[in-house]
Every structure is written in C-alpha cells, then in structure tokens.
Amino acid sequence: MDIAHFGYFFIWHLFAHINAELPLCKESDYHFEYTECDMHQSRWRVAVPNKLDTCTGLPDPVKGTHCTFSCMDGEFLEMSSQSCQKCAGGSYSLGTGVAFDEWDSLPAGFVTHGVSIDDDSQTNCSKSSWVPMGDHIASNVDECTTTLSFAVNLKKAGTVSFEYLYPDNNIYFEFFVQNDQCQSTDTESRFVKLSDADWSQYNVKLNQGTNVLYWRTTAYALQETSVKSVLLKNIAISGVAYTSECFLCKPGTYSAKLGSARCNPCPADSYSNKGATVCHQCETDTYAEAGSGSCKARPACTNSDYFYTHTPCDYSRQTQIMYKWMEPKICSESVPGAVTLPASGQLTACPPCNPGFFLTNTSTCQPCSDDFYSNGTDCAKCPAGTEPVVGFEYKWWNTMPSNMASYALRHEYTFNMEESTGWEVAGDYIYTVPGEQDSDFLVLTLSVPGYRLPPSSAKDEEATELSRITFVFETTCTADCMLDFLAGYSKMNQHIVEKWHGTTGKQSYSYVVQDNITTSFTWAFRRMQSHGTRNHTSDVAKIYSVLVTNAVDGVASRCSQCAAGSSDLSACVPCPPGHYMVNGTGVCESCPPNTIIRPQQTVGREACVPCGPNTSTNQARSTCVSDCTLHVNSGAGQHLLYNFSSLANLTGFRSSPRFTSRGLRYFQHFHLGLCGKEDRQLAVCVDNVTEQRREVRGYACQSMVVPSDTRGQGLVSSQPFVIADMLLGVTTENSLDHISSLENMFPVNIGLPDVIFYYRASETTQACKQGRSTTIRMRCDPTVTASHQISLPSACPEGTCNGCSFHFLWRSQFACPLCTSDHYREIVSACVQGIQRTTYVWQQPLQCYAGVSLPAQRVNACVSLDFWLKFGVSTGTVAALLLIGVICYFWKRARKLEFKYSMLMTAGDKEECELPAADSCAIMEGEDAEDDLIYLTKKSFFHKAKSYSRERTSDGFDSVPLKSSASSLLRNEEDMDEC
C-alpha cells in the first residue's frame, strides 16, 4: 500500500475513534467514492458520510476497479457492488460520458463571460453572456466577445459532441479545446461552418487529461440589422471514467425501456413529466407541441388560422380553391365565437403554364426539351440561326415550382420544414400565410444549379454579370413588417442583399449574380419582431413574378438571333468584338470607333455606347478603360501631360473611427484600383466573419472592419459591396454623365485643375435605384511624397452623404503633370575670366514630376567686362577730344571773322564819300578767304559759322554775300552827288 492509500486509512481510523460514541451508519448516511488513481492506474473505494458527526461505523475501504474501467451506454456503475447496471425506465446514461440537455439554468461547471472586442472599444461587456433557453443555450447578440467554457478531466481519450444552429454570418462563432496549460489541442477545428439546414452536428476528439472546452461568439451588427444568436444543445462528453447514476428524462421526453442511452421527445398533443416512461395525451380542448412538458388550452379559431390554395389543374383546365387549417392546428372550432373552415371546391380556370413549359394531356405543365422554347402553351424548336435563351421565369402560380420551397421559422429557429408552411400559391401570385406568431419568419427559397452564359455571348474577362434575378413584389402591413431578400450558396449560408420595411407598393427589383457560388435565394417575411403576439396575421407579402437568366437546366421562353455564319449544325457564335446585330437579320455591323457593346444588349445600333472622355475600349469592346495617361490644355494655353501609372496599384485606406450605438469601434475600409488596361488588378473587399469567405471585386469597393484582439486575425471585415465597376471617363470637368463632383466638398484648390475619374456600379439597391457612383479627384501636391494621401469629404466622413454617391480626394506628387521645358528657366552667370555659365532651375512653385529632366549646365567662352569697359572709356575719351578740337577750331575762326568785320565797318566810316564797293568780292584760289570776308552787319557766332560753311562756287572762288541792295546803291550815289 502506498503513502496516499495509508493516509486514507489513517484518516478513516482517526474518524472512527473520534466518533466511537455515535450511532452506526446506515446506507443512507454515506455514499461511495473512488480515490485518485495512482501510477499503476489502481484506486480504492471509500465510504464518505453525507454529513459529518452524524454516525459511525463506515464500511472499510476496498480495492476499486481499474481506472480505465467503464460501463456501456445506458448503464451506470453501482458503487456497492462495483458492477455495471442498466438504467431504469425514465432515465438514461452515456456510460463513460456526461450529457447536458437541460438548459433551464447554467449547469454546474459551465462558465460564461464577455469581453470587449478590442482595447479601444467603448462597449460595456460585463453583462454579455450565453443565456439558457430551456432546451438550448443562446449566444450573445451584442458587440462583445462572449465565451462559454467547461473543464473536464478525462481518464482516457474521448470525444465531445454538440448540436448547433449557426444561421447568421454577422456573428463569428468558433469552438476550440485547450489543455490545462492553455495550449490549443486542435487548431484545425477552430472555425465552425454556417448551418446548411436545421441543427448541425459537431464532433471533436479529446485527449486524455484535462480538457477545457470553449464556445466563443462575437457579433458584428454594424448596421441596423438584427443578429441571430448561435444556439447550442445536447452537449455530450465521453471519456470520463464512469458515471455512478443515470439521468432522469427531462419534461417532454421519455424512455420506455431499461438501459436507454437517451430520451425520446413526446409527439404533438402529448406531454410528460420529469423521469417519465410514457407520454400522456392532452385533453380534447388542449394542445401541446412536440416535446412539451404540459398542455395548453386551445384558443378559438379565427380567419387567420386557415389559408387557401389551388389544386392541380384537371383535364378540363379547372382548379379548385381549397381552404386548409394552419398546421399544426392548435385552435378549436367548438369554442364560442370560433369560425369554421369555409367550404372548399370552388372551380376556377387554371392559369397558363409558365414560359418554357407546355401543357400535357394530363393538364400538367412540363418543361420543354433542349433547343425548344415556349410561351406557356406548345413547345417549338428554335429556327435555324437562333439559340434558346434559357432561365427560370415564374409568373403563374398554380403549383409551387420544383426548385422552390416554403416553411415557417418559429421560436427563433426551431421548425419542421415538412409540417410548416410559409408561402402558398394563389394563381397570379404567391403569398405569405398566417403564422403561429407575428414574429415567425415566413421563408420562401429558390435554388439554382448554376449559371452558364449562352454560346453567342462573347468571352470577356471584364464582364461582371453572369446572371440576374428579377422579381416583382408588394407588401401590405398594418405594423412594422419586414421583407428580407438574401443570397448565398445554401439556405442557411446567405447574406442580406436588400430589405423593405412596412407597406411597399408593387415594384420590381433586380440583383446581379457575379459568380457560380450564389445559387440560393431566400425571401423572409416577418410581421413583427415582438414575440408571443398574433395580432397582425392580415399583413401579407406577395410575389408576382420571378425571372432568373442564364440558369443551368433552365427552360427557354424565346430564341435569340445568332450571328451570320452560324448554322443549325454548329453552336451559335457571337458577332465579332465591336459589332452589333441588325434586328432580325443576324447581320453584324461594326460600331463606331471607341464604342462598346452593352453587356445585355447586342441587337440594334443603340447597343453601341461611346466611351467617355480620355478612355478607350478594351479588346473585347465590352468596357471602357484608361491607360492612366491624360492630355489637358490649361487655361493659360499650356499643354499638360498626366501619367497616373504610379498610382494604378491597388490602394487601401480607412475612414476615421466610427462607433455603433453600443460603443463598438469600426472603420469604413475602401480599396481602390484607379486605372489600367485589361491586365490591371481589381480591388477586392472580403467578408471574413465566417470560415466561408465572400469577396467582391471592382474598381473600388467598401467593407466595414472591426479591430479584434480576441481572434487570430487583427481585423474582421464584413458587409463588402462594390462602389465602382465601370469607368465612365477622365476629365477636369466637375460633372459627367449625370454624376457631379462638387469642389466645395474638399479644400479649395489654388493650383492646377483637378483631374477627376468618374465611375459607376451596376448593382442597384432600394436606396440606390440607379446604382452607386464614385468620383476620385486627383490633385497635384508636390509636398506629398508618399504614393497616396486620400481624404474624404469633411461633411461626409464615410465618403458618402446619401449612401449612393462616393467622393474621394487623392493628393500626391504623382498626380501632377509630367515636367516639360515650360516648367524650368535658365540663369546666365557673369563672364568670369572669359567663361560664362548657363544654369537651369525649376519654376517655383514646382507643379510637375518626372517627365523631362533639367538640362545640364552649359559653359560658353566670353569676353570679360573689363575689356569692354576699357574699350568704352578709350573710345569715349577720343570722341570727347575730337569734339573739343572741332569746337575750338570753329571758335577761333569765328573770332577772326568777327575781327575782320569790325575792321571793315571801321573802314567804311572813314570813307563815306568814296564810291561803294561791289556786292561781292571774289577771292582767288590760294588767298586767305578769312581776311577778305566782310559782313555788312554783325551776326551771332552760329550765323557766322553758318555763313562760313557756304559751298565754294564752281569757278573755285568763295562767294561771300554782302549786305546790299538796289536801294542802298542808289542811296550811295546820292551821297556821292552831295559830295
């Protein structure tokens, strides 16, 4: 016996000695337990009193069973005999395991707590927890991370299994196991898949030793959407050493035989108490749902408890209107004030068959064969040179189409699709029937095998539309009803595409399918969100028609013309790229240059759509693209060349932090692919809340991201959608194709004009009936050296003010035009030692990048400034001396002439009585003219100089005029006579 076992014996004998005076113990005063297993996997069975100091004489310890001993399912270990016994009726056992199927309260050993998603979140998660709901436990739906944990010590390797319902991809759900060292034991099973139908089963192997089980959920309800909880039930763990007792069946279940491993639920209109071996039938005026522990009184039947439908058409093309009670029927017709079911059997004419179907001899509608089409009457083969346009088109509702189903979702998620009905056919439409409660989800599903473009469709990598679903509907409500339209790849793995609240007039809605993954569509109608009421059963949703294009295994309602050159022996071929088909002829005509063909319209000249400014067509002539270059003539007559190739790579950025009403911090994440040809990368946004990732692609897309410190990834992205999948044009104008980019949304630009990229998204929503649009304003900013600095409008911090038009300002040096010779100037240096340098510098402020480089410095030979200065001073000095000499010369001569004139005048006064001299005197050549030149009157210096400059006569003498006249001669003669 080892030390541990000796210790037990010592304590037992000491206890017996102390209590020697107490009465002897009875079997009801104690119970048996096993000691801890030793290294040899052996143990002892000891008796433990239920209460201390109440009795004495406990049985001696005996050697127990081996530690690996266990019982079979439906058995328990009877400790007195240490043998396995079968469970009695009304109870069950898992043998080596434990089970948790009652959730009226949190079972012993389970712990639940909530924490915030990240450290910066303002959310208070102290009250966030998993909530027991009777037969299951529900997760949180708030914006917290909530964990449910359970620790178990296994004596041998075992398993854990549980049933779960995980219908909503707005909540993240994971299950993992850790050992006592907090080390994960199985990372591959961490992510739980969305439920494809009703409750799903989950199984994980457990190692021997301590295992801590974790169920963890985080809701991401970033918009006003109601998140559906994750539900758990029937948690079973195997690998424990033994179970010493059987568990009683919970109310509403029973086990009729010995050795049951589980309890069975009671059928409808029956009940059972805890530990029941049989179920009891309810009284006539009461009812009970399946698995109920009691019966309820039946209410009086009303007009909301029945609905009408149509029988299949008979041979005379007549159908009967049939009235049926809602199933399961819980109302009573015998209660005072109750209504009775109206008489059925009224005959009405059958509606026609749906397009693509024909009427058989048995008055049933069957689909036409391949290469045949029908408008609902007879099938006809498509003429030569045409091909059938396949899909599903339902506009007559005599019977439920084979690929559509209906059910009611009750009590949050529990339902039976075989017994419940949510929608019924009514000839011209299909409508929602009254539900058991106003909070029931009335669900209509449509499944499509896949999609395939017709052979005549040109192959185009840029094409985003693989199929399109269009339906016409209306809702009539007296309360706040809600109609959701969902799409996904299974009934339970879908995302909400659009929703409508309250009364909605008759209208059409279209949804574009871009991949072959989206094969399931759902319409879910709910009258009210509050539970337990049934006051608005008259609220109804109606769907009049549903059309799905390009569906695999679809039928044809018409045939389309093939291009000329196709034959009935070969597949239809499309027109060449950039060609349209002339109506009804099959002849292909070329579209004008730089035009594309509408994706869903290739017939008629109107199918040709011109590309926008500064864009060109791709090779398939299906969309317009930009090579990231642009030529612009500025207002100053300057020619600018832009090249945005440096910004063409994918760019991601976030908005400023936003907070939900509960304090959850999130961001709007945008992903952009500005421009490029066919080989460009597309922007991608993802939904990674669940293991099934969903992606959208385009020029630009948006998703909501939440920082998460509790998950393996740092960011959780959800609700992605495309905001740009088609480039309209690139221009400096503030509007294009009815899309405006207002300058006042961003800071004023005082430099070059902004270059604006205009985009549109083809997907339409209830709020954006014309689709979404996006403008990216490129602004030259040489100070921004990074590849991007994108900002959102200050008035619209999420990038949009109405949810449909998105605007961005992208500032970068790469948004500047390429540099040209107009962007620099030259600086010429002084001539230094016979050398002159010419340097080129950029004009400031510089608003260009790349392009031409600055020319290298130019060096030229030159004559220095000192030489020219000396030359100028010398030349000026010489000119001044010459001028002074000339002046002196003429001054000297003038003085001589003045002197001679004065002498002449003096001589004249002395000889007054002498004969007068001649008017002019001839001076012989060689004589000094200055001595003989006589002026009769005194003149100024300039007149003298002028007189001296008279030209010489032809005979060689200077002619000197004398101041005389005929009258002076006469006067002189008279003077002579007087003398």
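Residues numbered from 1 in each chain as written. Predicted model: local features only at pLDDT ≥ 70, side-chain atom pairs only at ≥ 80, totals over all residues. Heavy atoms only, no water.

### With respect to the overall build of the chain
Counting its secondary structure elements, the chain contains 5 helices and 67 strands. The buried share of the chain, reckoned over its 979 residues, is 46%. Only carbon and sulfur atoms are counted for the fraction: they give 53% of the accessible area of the chain, which is about 50,100 Å². (Helix = DSSP H or I, 4+ residues; strand = E, 2+ residues; numbered from the N terminus. Buried < 20%, exposed > 50% of the residue type's maximum accessible area, 1.4 Å probe, protein only. Areas by Shrake-Rupley, 256 points an atom, 1.4 Å probe, with all protein chains shown as cover.)

### Points about the sheet that holds strand E24 (residues 306-310)
One open sheet accounts for 3 strands, arranged E24-E25-E26; its pairing is antiparallel. This sheet does not close on itself; its edge strands, each paired only once, are E24 and strand E26 (346-349). Neighbour-to-neighbour, the strand axes of the sheet open up by a mean angle of 35°, direction not taken into account. Bridge analysis of E24 against strand E25 (residues 318-325) gives 5 bridges, and the strand direction is antiparallel. The residue of E25 that forms the bridge with Tyr-308 is Tyr-323. (Pairing = 2+ DSSP bridges. Axes fitted to C-alpha atoms, helices over the stretch in contact; angles between N-to-C directions.)

### Quick notes on the state of the cysteines
Tallying each qualifying case throughout the model produces 22 disulfides. One disulfide bridge connects Cys-282 with Cys-295, the sulfur atoms lying 1.9 Å from each other. Its S-S torsion of about -80° marks the bond between Cys-282 and Cys-295 as left-handed, since a negative value means left-handed. Residue Cys-282 is found in the loop between strand E21 (280-281) and strand E22 (286-287), and its partner Cys-295 is found in the loop between E22 and strand E23 (296-297); the two are separated by 13 residues along the sequence. Here Cys-685 is linked by a disulfide to Cys-701, with a sulfur-sulfur distance of 2.1 Å. Between Cys-685 and Cys-701 the sulfur-sulfur dihedral comes to about 85°; the bridge is accordingly right-handed. With a gap of 16 residues between them, Cys-685 in strand E54 (residues 683-687) and Cys-701 in strand E56 (residues 700-707) connect regions that are remote in the sequence. Judged by its relative accessible area of 2%, Cys-685 is buried. By relative accessible area, Cys-701 is classed as buried at 0%. (Disulfide = S-S within 2.5 Å.)

### Comments concerning a nonpolar patch on the surface
A cluster of nonpolar residues, Val-886, Tyr-889 and Phe-890, forms a patch on the protein surface that exposes about 280 Å² of accessible area. Tracing the backbone shows Tyr-889 in helix H2 (residues 865-910). (Patch = residues over 30% accessible without salt bridge, like charges linked within 9 Å, V, L, I, M, F, W, Y side chains within 5 Å. Salt bridge = Lys/Arg side-chain N within 4 Å of Asp/Glu carboxyl O.)

### Some details on the nonpolar core
In terms of nonpolar packing, the biggest core is built from 38 residues, with Phe-644, Leu-674, Phe-757, Ile-776, Met-778 and Phe-808 touching the most fellow members. Among the secondary structure elements, those contributing two or more residues to this core are strand E49 (629-633), strand E50 (639-643), strand E53 (665-672), strand E57 (715-724), strand E58 (726-731), strand E61 (755-760), strand E62 (773-780) and strand E64 (805-812). Excluding residues within four positions of it along the chain, Phe-757 makes contact with Ser-626, Phe-644, Leu-674, Cys-675, Leu-727, Gly-729, Val-730, Thr-774, Thr-775, Ile-776 and Met-778. One finds Leu-442, Leu-446, Tyr-451 and Ile-469 within the second-largest nonpolar core, a separate group that totals 35 residues. (Core = buried A, V, L, I, M, F, W, Y, C linked by side-chain atoms within 4.5 Å. Contact = heavy atoms within 4.5 Å.)

### Some remarks on unusual backbone geometry
Here the amide bond leading from Gln-844 into Pro-845 is cis, since omega sits at -5°, within 30 degrees of zero. Look at Gln-82: it is not a glycine, yet its phi comes out positive at around 55°. With respect to the helices and strands, the residue Gln-82 is situated in the loop between strand E4 (75-78) and strand E5 (83-86). On the basis of relative accessibility, which here comes to 15%, the residue Gln-82 falls in the buried class.

### Side note on the pattern of salt bridges
Scanning the model with the defined rule gives 10 salt bridges in all. Across the salt bridge formed by Glu-174 and Arg-216, the nearest N and O atoms sit 2.7 Å from each other. Note that Glu-174 is positioned in strand E13 (residues 171-178) and Arg-216 in strand E15 (residues 209-219), a separation of 42 residues in sequence. Since its relative accessible area comes to 1%, Glu-174 is described here as buried. Looking at Arg-216, the relative accessible area reads 14%, which means it is buried. The partner of Lys-329 in a salt bridge is Glu-333, with the nearest N and O atoms 3.6 Å apart.

### Section: the sheet that holds E61
Judged by pairing direction, the sheet is mixed, and its 5 strands sit side by side in the order E58-E61-E62-E64-E63 without closing on themselves. The open sheet has two edge strands, E58 and strand E63 (790-791), and neither has a second partner. The sheet contact formed by E62 and E64 spans 8 bridges and is parallel. Residue pairing for E64: Ser-773 is matched across the bridge by Ser-805.

### A closer look at the side chain of Ser-161
With respect to the helices and strands, the residue Ser-161 is situated in strand E12 (residues 158-165). Discounting residues that sit within four places of it in the chain, Ser-161 has contacts with Gln-201, Tyr-202, Asn-203, Asn-234, Ile-235 and Ala-236.

### Quick word on the environment of Pro-336
Summarising the element assignment, Pro-336 is placed in the loop between E25 and E26. Since its relative accessible area comes to 77%, Pro-336 is described here as exposed.

### Examining the pairing of E62
Two faces belong to every sheet, and in a regular strand the side chains alternate between them. E62 sits mainly inside the fold: 8 of its 8 residues count as buried. On E62, burial covers both faces: Ser-773, Thr-775, Arg-777 and Arg-779 on one face and Thr-774, Ile-776, Met-778 and Cys-780 on the other are all buried. In this sheet, E62 lies alongside E61 in antiparallel orientation, the contact comprising 6 bridges. Considered in E62, the bridge of Val-755 is made with Met-778.

### Concerning the packing of aromatic side chains
Applying the stated rule across the entire model yields 49 aromatic pairs. Look at Phe-176 and Tyr-214: their rings are 5.0 Å apart centre to centre, the planes differ by 15°, and that puts the pair in the stacked class. With Phe-176 in strand E13 and Tyr-214 in strand E15, this pair connects stretches of sequence that are 38 residues apart. Pair check on accessibility: Phe-176 and Tyr-214 agree, each one buried. Taken together, a centroid distance of 5.4 Å and an interplanar angle of 75° make the contact between Tyr-889 and Phe-890 edge-to-face. On the accessibility criterion, Tyr-889 (46% relative accessible area) is partly exposed. In textbook terms, an aromatic cluster arises when at least three aromatic residues are bridged by ring pairs, as seen for Phe-100, Trp-103, Phe-110, Phe-150, Phe-162, Tyr-164, Tyr-166, Phe-173, Phe-175, Tyr-202 and Trp-215. One cation-aromatic arrangement involves Arg-43 over Tyr-34; the distance from NZ or CZ to the ring centre is 4.1 Å. Cation over ring: Lys-506 sits above Tyr-544, and NZ or CZ is 4.0 Å from the ring centre. (Phe/Tyr/Trp six-rings, centres within 6.5 Å; stacked < 30°, edge-to-face > 60°. Lys NZ or Arg CZ within 6 Å of the ring centre and 35° of its normal.)

### Quick word on the environment of Pro-132
Structurally, the position occupied by Pro-132 is in strand E9 (residues 131-132). For Pro-132, a relative accessible area of 24% translates into the label partly exposed. In this structure the C-alpha to C-alpha distance between Pro-132 and Ser-105, which are 27 residues apart in sequence, comes to 5.6 Å. When neighbours within four sequence positions are excluded, Pro-132 is seen to be in contact with Trp-103, Asp-104, Ser-105, Leu-106 and Ile-137.

### Description of the confidence of the model for the chain
Averaged over all residues, the pLDDT of the chain equals 81, while 82% of them reach at least 70. This model gives residues 915-942 a pLDDT under 50, and the stretch forms 56 contacts once residues within four places in sequence are excluded. (pLDDT = per-residue confidence, 0-100.)

### Quick notes on the side chain of Thr-475
Of note, Thr-475 is situated in strand E36 (residues 467-476). For Thr-475, the side chain forms a polar contact with the main-chain oxygen of Gly-502, separated by 2.9 Å. A polar atom in the side chain of Thr-475 sits 2.9 Å from the backbone nitrogen of Thr-504. Contacts of Thr-475, omitting those with residues within four sequence positions, involve Leu-483, Gly-502, Thr-503, Thr-504, Phe-525, Val-540 and Ala-541. (Polar contact = N/O pair within 3.5 Å; in protein donor to acceptor, adjacent residues only side chain to side chain.)

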